[in-house]
Amino acid sequence: MLKNWKPGFLHIIVLITILQLLVTLLTDGFALSFDEAMWQYIGRNWFRNGLVPYTGGVDNKSPLIFAVFGLSDKLFGVNYWFGRVLGALVQSVGIYYLYRLARHIAGEQAGTLAISFYGLSLLWHGTGGRYVSFTETYGMVFIIIAVYKFITAQSKKNIFISGIMAGIGLAFRLSAIWGIIAISCALLRKNRVNLPIFLTGMFVSIVLFVAIGFFAGIDIHSMITNGLVDNFGSGSATDRSLLWKMVNFSDKFFYSELILFYPFVLGYFFIKKKIDLFGLWLILQFIGINIVGTYGTLHMRELLPAMSLMSALCVTHLVNEYKLPAKPLIVIVWLVFFPKLLEPLLNIQKLIAGNKEQINTACIAPYDKPDEGSRKRLGWWIRNNTAPQDMVYVAGFGAQVQAYSERVSPTIYFNVTQTQLAKERFYSDMHKNKPVMILVPLFAEYRNFVGQDMRQFVDELVAKDYYLDRCMYNYNIYRIRK
């Protein structure tokens, strides 16, 4: 019986989901990542303290991701696993629909190849494999479903549903617009009468999203300002030199696992001899990544659905055209695309053996940046040494310390944002709300990436109203003078 058994698509999806959970949960420190900590802090302020996004904390993301982490905190307190488990399950839905899409176009082998290419590449270090809880996951899944509903549409109802899915993807992440444009162009080519139906479905989703935000008390103008407008220009996350962008472009596109896709993608264009929906989707996503220009590993994930589909259809064409054996090719794909699992394996070993590493809280030159586990422990120390109503400010990029402290920051810009708008609000908040504790980093990241004007403001504040209580994990900890 076992000799005749062969894995089906559900077995492959379950295996990839298990691998994803290993990669995302078995990380050093077993702590919230930097971005997750920001969203957890904002979500916690929202669900626990009634401070809605952009009032209880600012980041350039959708309120939907703050709600995910707010729910996580509401159910389980400060934790790193809920968002990742949920993200892994949502991602598996996207893998399933990618399988159905490829199978609809070219059969079962194409579907199996698509989920192999896609599922394995999602686990790579070069595509942010451990960060499955991020907005890219949700935006991609809904766009994949939108593309599937469009490709398989037998009625105007399916086109409308495609638009609804696309709108939800856009509500999670603005970069979903590139998939939306690709579908719209395909509709113009195929049946332009259906384009208004697709756009109406998308409009319904966006209106519902805005209405829910409005009734939740979220200021729509603040959401647009912080989610879009204030992310470009001097001091923003996209304010990088041309040299920096060239180096990071090269690293992400030529010195990462992404190059494994290139022969298949080129083969697909050669076979098709035209730019179809998937080709246009990929090109638009590539343009979008370059417009933003920060070249984060997670941005590379947004190329994977189109690249995986194109690769699967290319290989399927070669199998059918040249009568190549499919099973050995699928095995080769798994061998070549399989992720490196060194970090989770080492952390499994630590869990089994017990972590006997001595924790050093001292401040010792050259003042290395504390790892995620140390930042978590520092947050716990603050929580245990302050009252629940006390305000605490962590200078620099201290979102993880802030989140684990479970204390509210005196400023909505609890994490460094250096646009002119952000700095003015930061100075105003800090003057109005004096925290009982201020933490100032000693490590180089603070000096190198936080402007002198903001550092000087904090230094003058602690010199005037605070005394040095102690130093822990390379942070000077100041308490307010009574």
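Quick caveat: nothing in here was measured; it's all calculated off a predicted structure. (Residues numbered from 1 in each chain as written. Predicted model: local features only at pLDDT ≥ 70, side-chain atom pairs only at ≥ 80, totals over all residues. Heavy atoms only, no water.)

A. Focus on helix H20 (residues 420-432). Relative to the 18 Å expected for 13 residues at 1.5 Å per residue, H20 spans 19 Å between its end C-alpha atoms, a close match to the ideal helical length. Every buried residue belonging to H20 is among Ala422, Lys423, Phe426, Asp429 and Met430, and all of these are buried. On an axial view of H20, the arc spanned by its buried residues comes to 130°, and they lie on one face. In H20, the exposed positions that point more than 90 degrees away from the buried face belong to His431 and Lys432. Along its buried surface, H20 packs onto strand S1 (392-394), strand S2 (437-441) and helix H22 (452-465). (Helix = DSSP H or I, 4+ residues; strand = E, 2+ residues; numbered from the N terminus. Expected span 1.5 Å × (residues − 1). Buried < 20%, exposed > 50% of the residue type's maximum accessible area, 1.4 Å probe, protein only. Arc of directions from axis to C-beta. Contact = heavy atoms within 4.5 Å.)

B. Main features of the pairing of strand S4 (residues 475-480). Of all the six residues making up S4, five are buried; the element is thus mostly covered by neighbouring parts of the structure. Strand direction decides the pairing type here: S2 and S4, joined by five bridges, are antiparallel. Bridging from a neighbouring strand, Pro441 pairs with Tyr475 of S4. Sheet topology places strand S3 (residues 466-472) next to S4; six bridges connect them, and they run antiparallel. (Pairing = 2+ DSSP bridges.)

C. Quick look at a nonpolar patch on the surface. Taken together, the side chains of Leu174, Ile224, Leu228, Val229, Phe232, Ile275, Ile283, Phe286, Ile287 and Ile291 make up a nonpolar region of the molecular surface, amounting to roughly 850 Å² of accessible area. The element that contributes the greatest number of residues to the nonpolar patch is helix H13 (residues 277-292), accounting for four residues. Mapped onto the secondary structure, Phe232 falls in the loop between helix H10 (220-227) and helix H11 (242-254). Phe232 gets classed as partly exposed once you look at its relative accessible area, which sits at 44%. (Patch = residues over 30% accessible without salt bridge, like charges linked within 9 Å, V, L, I, M, F, W, Y side chains within 5 Å. Areas by Shrake-Rupley, 256 points an atom, 1.4 Å probe, with all protein chains shown as cover. Salt bridge = Lys/Arg side-chain N within 4 Å of Asp/Glu carboxyl O.)

D. The arrangement of the confidence of the model for the chain in detail. Taken residue by residue, the chain gives an average pLDDT of 93. The fraction at 70 or more is 97%. The least confident element of the chain is helix H17 (residues 342-353), whose mean pLDDT is 80; the most confident is S1, at 98. (pLDDT = per-residue confidence, 0-100.)

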